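The residues making up each chain are set out below.
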Amino acid sequence: MNTMLYVSGFVAVISTLMVITRKNSVHALLYLIVSLLSVALVFFVLGAPFVAALEVIIYAGAIMVLFIFVIMMLNVNKDSVQQEIQWMSPAGWVGPACLSAVLLGELIYVMTSSSLRMIYVGMVGPKQVGISLFGPYFIAVELASMLLLSGLIGATHLGRRNDSNNNKKNVERKSS
Amino acid sequence: MSGEFGFLLAGVLFALGLIGVLIRRNIIFILMSIEVMLNAAGLAFVVAGARWQQPDGQVMFIFILVMAAAEVSVGLALALQFFRHFRTLDADAAGRMRG
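Residues numbered from 1 in each chain as written. Chains lettered and ligands numbered in written order. Predicted model: local features only at pLDDT ≥ 70, side-chain atom pairs only at ≥ 80, totals over all residues. Heavy atoms only, no water.

Asker: Please clarify how a nonpolar patch on the surface should be interpreted in this entry.
Answerer: On the surface, a cluster of nonpolar side chains totalling about 460 Å² of accessible area is made up of Phe14, Leu18, Ile19, Leu22 and Ile23 of chain B. Inspection of the secondary structure puts isoleucine 23 of chain B in helix H1 (residues 2-23). (Patch = residues over 30% accessible without salt bridge, like charges linked within 9 Å, V, L, I, M, F, W, Y side chains within 5 Å. Areas by Shrake-Rupley, 256 points an atom, 1.4 Å probe, with all protein chains shown as cover. Salt bridge = Lys/Arg side-chain N within 4 Å of Asp/Glu carboxyl O. Helix = DSSP H or I, 4+ residues; strand = E, 2+ residues; numbered from the N terminus.)

Structure, rendered in structure tokens:
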């Protein structure tokens, strides 16, 4: 199990190194997803399976999809076809594919090994986390909900198109 | 031993994210590096929680996750506005304040 921890930590460091050195933002995003997946495996090995699942679902799922959509919206280059051909070349995805193949091998090893031994004696399961989250940390949960609401309002306010002229025209049309 | 490795890994990932913020000028890459740094901070919390067998580390990770989600939604909306205004993603294009 120690080997698992070291291998996934190594994968995380290498893929993060690739994130900050890539020229193409989509390549960097692929490496970032690999990095998040390997950190999730570290969580699993350390005996925190609930947080590992959250890392995959929210970080590698939701937040990365947000990044992908914004990169898609920002892609206004004239030579986007040329870029697309370049993206389809194997040089773009061989690196992340190899690193995630290492992670897949680790996952298969964990699933097929006879006993699911964690490194520490007891694992901290979701039940304990939930009891703690809605017990002593209840006020922080409320604050987190307010933070998410403010993030939602801020994103909708900042993300809309700045078309005050159109709004004025609409108002004039309605009044006339 | 593995607890020390976890903390070391969190420190290395945080340093890599910080280097990314410092050396890249593309706003999207800066946001990605901030994500790496937040993830490293959460990793440190979870490693500490596993080291002392307490659920508080995972609770803190959930709060960091919430904060990262709120931060990245506002940050990406800001990046969109930035691109519409300056027609570039270079963060140095906004190096001058007006007012």
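So, next bit.
Asker: I keep staring at the environment of serine 100 of chain A and nothing clicks. Help me out?
Answerer: One can find serine 100 of chain A in helix H5 (residues 90-112). Put simply, serine 100 of chain A and leucine 32 of chain A are 68 residues apart on the chain and 11 Å apart in space, counted from C-alpha to C-alpha.

Asker: Any chance you could explain the interface of chain A and chain B here in plain terms?
Answerer: Many structure descriptions define interface size as the accessible area lost when the parts assemble. Contact residues are listed per partner, giving 60 residues for chain A and 54 residues for chain B. The junction of chain A with chain B conceals about 5,100 Å² of combined surface from both sides, 79% of it contributed by carbon and sulfur atoms. The tally of links from chain A across to chain B stands at zero salt bridges. Scanning the region where chain A abuts chain B turns up six residue pairs in polar contact (both at pLDDT 80 or more). Of all the secondary-structure elements, those providing two or more residues to the side of chain A that touches chain B are helix H1 (2-19), helix H2 (25-45), helix H3 (49-74), helix H6 (126-133) and helix H7 (138-159) of chain A. For the side of chain A that touches chain B, the element with the highest residue contribution is H3 of chain A, accounting for 13 residues. For the side of chain A that touches chain B, the class distribution of residues is 43 nonpolar, twelve polar and five charged. (Contact = heavy atoms within 4.5 Å. Buried area = accessible area lost by both parts, 1.4 Å probe. Polar contact = N/O pair within 3.5 Å; in protein donor to acceptor, adjacent residues only side chain to side chain. Nonpolar A, V, L, I, M, F, W, Y, C, P; charged D, E, K, R; others polar.)

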